[in-house]
Amino acid sequence: LPSKLPNVGTTIFTVMSRLAQDTGAINLSQGFPSFDCSPDLVALVEKYLRKGANQYAPMAGVPALREALAHKTLAAYGVSYDPETEITVTSGATEALYAAVAAVVRPGDEVLVFEPAYDSYVPAVELNGGSPVFVTLTPPDYLIDWEEVRSKVTDRTRLIMVNTPHNPTGRVWTTDDLNQLADIVQDKPIWVVSDEVYEHILFEGRTHHSLMTHPVLRERTFICGSFGKTFHITGWKIGYCLAPAGLTTEFRKVHQFLTFSTVTPMQYALADFLSVPEHYESLPAFYERKRNLFLDSISGSRFRFKPAEGSFFQILSYAGITDEPDYDLAIRLTKEIGIASVPVSVFYQQRNDYQLLRFCFAKDDELLLRAGERLSRL
Ligand code: PMP
Ligand code: GLN
């Protein structure tokens, strides 16, 4: 069968997590917490399971959760979204991203993608007949050259994919980035998908500049979020899309035939849990401490780094330690010193190898300390 995705294999996250499991390595590769979510959240699910919330949720999501999302969005960013017409609950941000791309990309359209890029963007574009056009960001700062972006916009550009805070670099967009993007898309038939799954994980008091906070971008962006990152529940696969009513109408046409609706009792539980701001406002301090613990533990090592500005990933440069390709090194470190990471080249289309590995620090302190100790021996 001729493949529709000839360049796609098993994702690196699956490959590295499996290798970590097979070898007993500390798994700092795939982005998920090694610790459990709040027992209060589990208790809420039990409550709603017992109450009989066990049939299909409404296609757009349980109203209580959409209302809680509208409330949180207004409180956190000062921007209003109508739960009836502008908020949709999805099966993870992955579904939201796919549905948003499918809603607007037609065969022949071009989609601007900043790389390194999260692995689901390009396949979503290609399955819908679009062509990715890459803007390459380079270490150590991964700053966007907006003149380059402008030069790559054509009559066929239909969509721009954004991710802030960024996986894998941890970079966070500034208000200047928002203004530059708004200037480019204003008055053009170009939409934006903004992947903001790490919206609550920023360090040193940084602000998350959601694209919704710019009035021009508010009107043309699909904001994709995920409860997986915020409440330590990556296995629940519940996310959401905030978009103006016209875009949401098209988004829901895709969503209703992709999954129709998302698991019901968890949505009720999340509606209650999300209504307490402390549950997401505590996240920056929680993860900044973990990031610092990990960075302190490798401070005597030969790795070089710029502390992540946000997300729960830290990139380390091994330049000067070895000349191995990053993929080979990630495999070797898993097998030889029992630390699994992700080679950053997999996030680049041309597999650009800048001698970088990505480490997830959403892990128990004790695992981070042990990992730091082993990495310091290199
Ligand atoms: N976008 C980014 C940048 C991610 O890192 C992830 C998952 N870790 C996702 C989207 C997918 O989120 P979900 O698990 O809610 O589908
Ligand atoms: N987003 C996670 C990461 O970057 C992985 C999620 C997945 O395995 N699909 O590690």
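Rules used throughout
- Every chain begins its residue count from 1, and numbering advances along the sequence as written.
- To label them, take the chains in the order written and letter them from A, then take the ligands in the order written and number them from 1.
- Note on the predicted model: pLDDT of at least 70 is required for a residue's local features to be given, and 80 or more for side-chain atom pairs to be given and counted; whole-chain, interface and lining totals, by contrast, use all residues.
- For helices the rule is a DSSP run of H or I covering at least 4 residues; for strands it is a run of E covering at least 2, with both sets numbered from the N terminus onward.
- C-alpha atoms define the radius of gyration in this analysis, and the globule rule sets the expected value at 2.2 Å times the number of residues to the power 0.38.
- Exposure classification rests on a simple neighbour count of other C-beta atoms within 10 Å of a residue's own: a residue reaching 20 or more is buried, one at 12 or fewer is exposed, and one in between is partly exposed. C-beta atoms are placed from the backbone.
- Contacts here follow a simple rule: the backbone-placed C-beta atoms of the two residues must lie within 7 Å.
- Using a C-beta atom placed from the backbone for every residue, we mark a residue as near a molecule or strand if that atom lies within 6 Å of it.
- Each residue gets one of three labels, nonpolar for Ala, Val, Leu, Ile, Met, Phe, Trp, Tyr, Cys and Pro, charged for Asp, Glu, Lys and Arg, and polar for the others, Gly among them.
- Each direction from the helix axis to a C-beta atom contributes to the arc, which is the arc of those directions.
- Strands are treated as partners if at least two bridges between them are detected by DSSP.
- Here an angle of 0 to 180 degrees is reported between the N-to-C directions of two axes, which are lines fitted to C-alpha atoms, with helices fitted over the stretch in contact.
- The term nonpolar core refers to a group of buried residues, namely Ala, Val, Leu, Ile, Met, Phe, Trp, Tyr and Cys, whose C-beta atoms join them within 7 Å.
- Domain start and stop positions are those given by an automatic or database domain assignment.

1. A look at the overall build of the protein chain
The helix and strand inventory of the protein chain stands at 15 helices and 12 strands. Relative to the globule expectation of 21 Å for 378 residues, the C-alpha radius of gyration of the protein chain, 20 Å, shows essentially globular dimensions. Once the C-alpha set of the protein chain is aligned to its principal axes, its extents read approximately 55 × 55 × 50 Å. Residues counted as buried form 46% of the 378 residues belonging to the protein chain. Of all intrachain contacts in the protein chain linking residues separated by at least 6 positions in sequence, the fraction that spans at least 24 positions is 74%.

2. Things to note about the site of ligand 1
Around ligand 1, the surrounding shell holds 14 residues, and the nearest of these are Gly-92, Ala-93, Thr-94, Asn-167 and Ser-226. In terms of residue class, the shell around ligand 1 is made up of 3 nonpolar, 9 polar and 2 charged.

3. Here we look at helix 7 (residues 175-185)
The complete set of buried residues in helix 7 reads Leu-178, Leu-181 and Val-185. Looking straight down helix 7, one finds that the buried residues subtend no more than 70° of arc, so they occupy a single side. Away from its buried face by more than 90 degrees, helix 7 exposes Thr-175, Asp-176 and Asp-183. Buried positions along helix 7 lie against strand 5 (157-163), strand 6 (191-195) and helix 8 (215-218).

4. Some words on the site of ligand 2
Taken together, Thr-11, Phe-13, Gln-30, Gly-31 and Asn-167 make up the full set of residues adjacent to ligand 2. For the shell around ligand 2, the class distribution of residues is 1 nonpolar, 4 polar and no charged.

5. What to know about unusual backbone geometry
Backbone phi values are negative for most residues with the exception of glycine, while trans is the configuration of most peptide bonds. Here the residue pair Pro-139 and Pro-140 is connected by a cis peptide bond, since its omega of 0° sits within 30 degrees of zero. Counting through the fold element by element, Pro-140 comes out in the loop between strand 4 (131-136) and helix 6 (146-152). Omega for the bond connecting Asn-167 with Pro-168 falls within 30 degrees of zero, at 15°, which places this linkage in the cis form. Of note, Pro-168 is situated in the loop between strand 5 and helix 7. Despite not being glycine, His-232 has its phi angle at roughly 60°, a positive value. Examined against the element boundaries, His-232 turns out to sit in the loop between helix 9 (227-230) and strand 8 (239-242).

6. Section: the sheet that holds strand 4
Read across the open sheet, the 7 strands follow the order 2-8-7-6-5-3-4; overall the sheet is mixed. Each edge of the open sheet carries a strand with a single partner, namely strand 2 (87-90) and strand 4. Adjacent strand axes in the sheet meet at a mean angle of 20° when their direction is disregarded. Bridge count for strand 6 against strand 7 (residues 221-226) is 4 bridges, and the pairing is parallel. Looking at strand 7, one finds that Ser-194 is bridged to Ile-223. Across the sheet, helix 3 (residues 63-77) is in contact with strand 2 and strand 8; its angle to strand 2 comes to roughly 120°.

7. Observations concerning the sheet that holds strand 12 (residues 356-360)
The antiparallel open sheet is built from 3 strands, whose spatial order is 9-12-11. If you trace the sheet from one side to the other, it starts and ends with strand 9 (313-317) and strand 11 (342-343), each paired once.

8. Remarks on the nonpolar core
Grouped together as the largest cluster of nonpolar side chains are 110 residues, with contacts concentrated most on Leu-97, Ala-100, Val-101, Leu-159, Val-193 and Cys-241. If one sorts the elements of this core by residue count, helix 4 (residues 92-104) sits on top with 10 residues. Here this core spans two domains, and each of domain 1 (12-30 + 282-376) and domain 2 (39-276) adds at least three residues to it. In contact with Val-101, not counting residues within four places along its chain, are Ala-124, Val-125, Asn-128, Leu-159 and Val-193.

9. Some remarks on the environment of Glu-373
Looking at the secondary structure, you find Glu-373 in helix 15 (residues 365-376). For Glu-373, a count of 14 C-beta atoms within 10 Å corresponds to the partly exposed category. Once the C-alpha coordinates of Glu-373 and Ser-301 are considered, the two residues, 72 residues apart in sequence, prove to be 8.7 Å apart.

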